[in-house]
Amino acid sequence: LALLWSRLESDFEALLQSQSGVEVDVSEYETALVNENRLKRLSLQWQPPTPQVSIELDNKKQFEDETNLEFIWASETARHVGTVVHAMLQRIAEQGLQHWHEQRISALQPYYRAALLGQGVMLAELDDAVERVEKSLLLTLQDQRGRWIVDDQHQDSRCEYALTGVLRDRAMRMVIDRTFIDADGNRWIIDYKTHATNNPEIFTRLVDQYREQIRLYNIGVQQLFPNKEIVGGLLFTTSKRFIDLMN
């Protein structure tokens with residue numbers, strides 16, 4: 001626009017004068033614009049006002065997102081690995097086990113690489129991240145319990161099931177990785193975990209931390225399905241371990 005203004009300035013001035021009948025000094029507008037954008041500083045003596053004592057926060061208006069809990073324990077790359085693994089397990093559960101086998105899982109390495117790059121994984125960590133994604137998927141499909149969890153033949157089968165409700169006087173958002181009704185009529189809620197640790201103490205702390213998460217899931221799902229027995233727990237995709245947190 002700066003390059004065009006030298007040729008168009010007179011046209012704009014003429015247009016403004018024809019509409020208002022008054023001569024217009026463009027420099028006045030330029031001065032006003034500069035003054036409007038000028039940085040204003042507070043005096044050194046300024047102090048923020050003291051809030052009124054009567055101001056109270058309504059707990060019901062606070063919003064708690066349980067999905068942040070997953071990231072407390074994870075490095076940046078580990079979080080991205082988890083995101084891709086979750087997306088792939090959802091894809092498997094929605095398409096059906098008959099379409100997935102070990103050869104297909106391994107053949108999709110270029111897809112995992114692209115997905116991880118899209119998430120922001122550094123090149124120096126990319127190969128290891130791709131291997132971790134592939135390992136999680138292979139171990140899940142090699143495990144009888146894992147295959148049962150991602151089987152698409154369950155009744156009311158859902159993946160990444162998002163719920164929002166008021167729990168413990170807080171508005172809370174939760175995303176259940178996997179939920180379905182089994183042959184006995186029980187409502188299952190499964191949370192995938194892609195953490196890899198051989199330290200028993202750290203593993204115990206992880207399970208204890210997520211025990212409260214699953215308990216909240218139980219409360220939320222029970223409100224939707226009051227006549228169903230709620231069962232479920234954690235599936236650790238890197239170790240073929242399922243931890244029942246309902247008993």
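These numbers come from a predicted model, not from an experiment.

*Asks:* Help me understand the pairing of strand 3 (residues 170-181) in this model?
*Replies:* Strand residues, when the strand is regular, have side chains that alternate between the two faces of the sheet. Of all 12 residues in strand 3, 10 are buried; the element is thus mostly enclosed. Two strands pair when backbone bridges link them, and strand 2 (residues 155-167) and strand 3 are joined in this way by 10 bridges, in the antiparallel orientation. Across the sheet, the residue bridging to Leu163 is Met174, located in strand 3. Across four bridges, strand 3 lies against strand 4 (residues 187-193) in antiparallel orientation.

*Asks:* Quick question: what am I supposed to make of unusual backbone geometry here?
*Replies:* The phi torsion of most residues other than glycine is negative, and most of the peptide bonds are trans. The phi dihedral of Asp156 is positive, around 50 degrees, even though this residue is not glycine. By secondary structure assignment, the location of Asp156 is in strand 2. With a relative accessible area of 28%, Asp156 lands in the partly exposed category. Positive phi, normally seen in glycine, also occurs at Glu160, with a value near 50 degrees. Relative to the helices and strands, Glu160 is located in strand 2. The class of Glu160 is partly exposed, set by a relative accessible area of 26%.

*Asks:* What am I meant to see in the pattern of salt bridges here?
*Replies:* Proximity of charged atoms lets side chains of opposite charge pair with each other. This structure, assessed with the given rule, holds seven salt bridges. With its nearest N and O atoms 2.7 Å apart, the salt bridge here joins Arg113 to Asp127. In this pair, Arg113 is assigned in helix 5 (residues 109-119) and Asp127 in helix 6 (residues 123-142), connecting sequence segments 14 residues apart. For Lys193, the salt bridge is made with Asp191, and the minimal N-O distance between the two is 2.4 Å.

*Asks:* Sorry, what's going on with the side chain of Asp177 here?
*Replies:* Note that Asp177 resides in strand 3. Despite being buried, Asp177 has no salt bridge partner; Lys193 is the closest side chain of opposite charge, sitting 5.5 Å away. For Asp177, the side chain forms a polar contact with the side chain of His86, separated by 3.1 Å. Polar contacts involving the side chain of Asp177 include one to the main-chain amide nitrogen of Tyr192, which spans 2.7 Å.

*Asks:* Looking at this structure, how should I read the layout of surface pockets?
*Replies:* Empty space among the atoms becomes apparent when a probe as large as a water molecule is rolled across them. Each pocket or cavity is described by its volume, and for the second largest pocket that value is around 170 Å³. Surrounding the second largest pocket, Arg132, Lys135, His195, Ala196, Thr197, Asn198, Phe203, Phe236, Thr238, Ser239 and Arg241 form its lining. Tallied by class, the residues present in the lining of the second largest pocket amount to three nonpolar, five polar and three charged.

Conventions and cut-offs
Residues numbered from 1 in each chain as written. Predicted model: local features only at pLDDT ≥ 70, side-chain atom pairs only at ≥ 80, totals over all residues. Heavy atoms only, no water. Buried < 20%, exposed > 50% of the residue type's maximum accessible area, 1.4 Å probe, protein only. Helix = DSSP H or I, 4+ residues; strand = E, 2+ residues; numbered from the N terminus. Pairing = 2+ DSSP bridges. Salt bridge = Lys/Arg side-chain N within 4 Å of Asp/Glu carboxyl O. Lys, Arg positive; Asp, Glu negative; His and termini not counted. Polar contact = N/O pair within 3.5 Å; in protein donor to acceptor, adjacent residues only side chain to side chain. 1 Å grid on protein atoms, 1.4 Å probe; cavity = no way out; pocket = protein on both sides within 12 Å on 5 of 7 lines; lining within 4 Å. Points joined across faces, edges and corners; volume = space filled by probe spheres on them. Nonpolar A, V, L, I, M, F, W, Y, C, P; charged D, E, K, R; others polar.

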